[in-house]
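Close look at the chain arrangement
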Amino acid sequence: MSSAVPSPASRISSVLPRRRALLAGLLVAPAMPLIGCGTPAVAQRGGLPDFADLAERVLPAVVNIAVQSETTTVPPEFRGTPFERYFRGRRERTQGAGSGFVVDPAGYVVTNNHVVGSATRVTVSLQNGTELPARVVGTDELMDLALLKVEPRQPLPAVPWGSSGAMRVGQWVLAAGNPFGLGGTVTSGIVSARGREIGAGPFDDFIQTDAAINPGNSGGPLFNMAGEVIGISTAIYSPSGASAGIGFATPSDLARPVVEQLRRDGRVDRGWLGVSVQDLVPEDPRAGRRAVLVTDVVRNGPAARGGLRAGDVVLAVNGERTETSRALVRYVAALPPGQSVRLSVQRDGRSMDTSVQVGRRPPGPG
């Protein structure tokens, strides 16, 4: 009797519906009691880099984040029964821990949204043991980012942003954070892949690395060899819950503008058309071009008001060729609400242009 071994892809897809539990349960480590920017030189020993100078340079800007939340819980066996009302007034206090990094000496700290979540209390701990209460400046659920602010007595060590787009598969990286609540820890590895889609949302474009990322590393920085942040540790693929050599980081090129908008406005406003789209791929790639098919239009939404219909094929936006639904969503999301865009579409075999005033993307993960 033979049995099929599931492929890695099927294992990832089986994990994705439980992503919220994966992130909250694996990367936000429970509190655990324990006893007892320039370009740093990276020495080469035996053909491998020595990360000691790099770690010494960046670790002071890496912080541990402790969160406290209060939730109302109803035991599963009492849900939907007359006894459920007796539990609604009961508050359960939970604790968790994650990671973050200082991007401004004035006390601005970047982490993941799922680290702070609905926390009622957030505390940032520096590498020297100093603990500072933090307030949440703003969060972005779609990119899973959060910006915190602490009030230090003196300027804090900070690390600069780097260009994730400049990273190549195979280059060395250093991950730093608070795995299992142990405090400042670094691990090294390489960029294993770029542009990974893991089903986290419409802006999936993760850096994959084999640097060990474990529960509690979430929100921690991923550094290039110059000590610049090129990613933010966000998720892992792991059947066991610990590092399996496949970690995912949000690229800095996507995170940085979101963080800047959170600092300026306390929220992120994204453009929105109000359509459902999917890739349209010719049966024979040589026979035609890729495009984007509109499968549904939100009633009274921006696209509907602009005359777009289900079944239209979007060929270009503002004259720029559009070949994938992800590219279209990202292009529009980067536009400020209220701005008009010109869509080149094909309808019933005829080409036409239509102008759509971009709306504000409604809140929520979808």
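As the structure is a prediction and not an experimental result, all values here were calculated from the model. (Residues numbered from 1 in each chain as written. Predicted model: local features only at pLDDT ≥ 70, side-chain atom pairs only at ≥ 80, totals over all residues. Heavy atoms only, no water.)

Helix and strand counts for the chain stand at seven helices and 22 strands. Relative to its full complement of 366 residues, the chain shows a buried share of 44%. Just so you have it, the chain exposes about 18600 Å², and 50% of that area is on carbon and sulfur atoms. (Helix = DSSP H or I, 4+ residues; strand = E, 2+ residues; numbered from the N terminus. Buried < 20%, exposed > 50% of the residue type's maximum accessible area, 1.4 Å probe, protein only. Areas by Shrake-Rupley, 256 points an atom, 1.4 Å probe, with all protein chains shown as cover.)

The next subject is the side chain of S233. Counting through the fold element by element, S233 comes out in strand β13 (residues 229-236). Residue S233 is classed as buried on the basis of its relative accessible area, which comes to 1%. Residues contacting S233, with those up to four places away along its chain left out, are N112, I213, N217, S218, G219, G220, F248 and A249. (Contact = heavy atoms within 4.5 Å.)

Do not read the fine detail of predicted coordinates wherever pLDDT is low. Residues with a pLDDT of 70 or more make up 78% of the chain, whose mean pLDDT is 83. Note that pLDDT drops below 50 for residues 30-41; the model gives that stretch 23 contacts with residues more than four away or on any other chain. (pLDDT = per-residue confidence, 0-100.)

What follows concerns the packing of aromatic side chains. Evaluated as defined, the whole model comprises three aromatic pairs. The interplanar angle of 80° and the centroid separation of 5.7 Å between the aromatic rings of F101 and W161 together place this pair among those described as edge-to-face. Within this pair, whereas F101 is found in strand β4 (residues 91-104), its partner W161 is found in the loop between β8 (145-149) and β9 (172-177), the two being separated by 60 residues in sequence. Taken individually, F101 and W161 each receive the classification buried, so the pair is uniform in this respect. Taking the centre distance of 6.3 Å and the plane angle of 65° together, the rings of F206 and F248 count as edge-to-face. A residue pair is termed long-range when its members are at least 10 positions apart, and F206 in strand β11 (residues 206-209) and F248 in strand β14 (residues 247-251) qualify at 42 residues. Residue class for F206 comes out buried when judged on its relative accessible area of 7%. (Phe/Tyr/Trp six-rings, centres within 6.5 Å; stacked < 30°, edge-to-face > 60°.)

Before going further, it helps to examine unusual backbone geometry. The phi dihedral of D144 falls on the positive side, at around 55°, and the residue is not glycine. Mapped onto the fold, D144 is located in the loop between β7 (131-140) and β8. Within the chain, F180 stands out as a residue other than glycine whose phi angle is a positive 55°. Positionally, F180 belongs in the loop between β9 and β10 (185-196).

Further remarks concern the pairing of β10. Both β9 and β10 contribute to a ladder of six bridges, which runs antiparallel. The residue of β10 that forms the bridge with V173 is G189. Taken together, the three bridges between β10 and β11 define a ladder with antiparallel strand orientation. Bridge pairing in β11 places A193 opposite Q208. (Pairing = 2+ DSSP bridges.)

Here the focus is helix α7 (residues 325-333). For α7, the set of buried residues is S325, L328, V332 and A333. Viewed end-on, α7 has its buried residues packed into an arc of 125°, placing them on one side of the element. In the core, the buried residues of α7 are packed alongside β15 (271-272), β16 (275-280), β17 (291-297) and β18 (313-317). (Arc of directions from axis to C-beta.)

As a further point, take the side chain of T123. Of note, T123 is situated in strand β6 (residues 121-125). Under the relative-accessibility criterion, T123 is labelled buried at 14%. Setting aside anything within four residues of it in sequence, one finds T123 in contact with N64, I65, A66, E131 and L132.

So, about the pattern of salt bridges. Applying the stated criterion across every chain yields a total of 13 salt bridges. Notably, a salt bridge pairs R263 with D104, separated by 2.8 Å at the nearest N-O pair. Of this pair, R263 sits in helix α5 (residues 252-265) while D104 sits in strand β4, and the two are 159 residues apart along the sequence. Judged by its relative accessible area of 41%, R263 falls in the partly exposed class. On the basis of relative accessibility, which here comes to 16%, the residue D104 falls in the buried class. Here D140 and R270 are joined by a salt bridge, their closest N and O atoms 2.5 Å apart. Note that D140 is positioned in strand β7 and R270 in the loop between α5 and β15, a separation of 130 residues in sequence. (Salt bridge = Lys/Arg side-chain N within 4 Å of Asp/Glu carboxyl O.)

Ranked by size, the top nonpolar core spans 28 residues in total, and within it W161 and F223 carry the most contacts. Elements supplying a minimum of two residues to this core: α3 (52-58), β5 (108-111), β8, β9, β13 and α5. With four residues, the single largest contributor to this core is α5. Excluding residues within four positions of it along the chain, W161 makes contact with F101, V103, V110, E228, V229, I232, S252, A255, R256 and V259. (Core = buried A, V, L, I, M, F, W, Y, C linked by side-chain atoms within 4.5 Å.)

Okay, the sheet that holds β14 next. With antiparallel pairing, the six strands of this closed barrel are ordered in space as β9-β10-β11-β14-β13-β12. Strand-to-strand, the axes of this sheet are offset by a mean angle of 45°, without reference to chain direction. Across the sheet, α5 lies against β13 and β14, angled at about 50° from β14, the strand it touches most. (Axes fitted to C-alpha atoms, helices over the stretch in contact; angles between N-to-C directions.)

Regular strands place side chains that alternate from one sheet face to the opposite one. Of all the five residues making up β8, five are buried; the element is thus mostly covered by neighbouring parts of the structure. Both faces of β8 are covered, namely the face carrying L145, L147 and K149 and the face carrying A146 and L148. Inspection of the sheet shows β7 paired to β8 by five bridges, in the antiparallel sense. Bridge pairing links V136 to L148 in β8. Between β7 and β8, which follow one another and run antiparallel, lie four residues, and D144 among them has a positive phi close to 55°.

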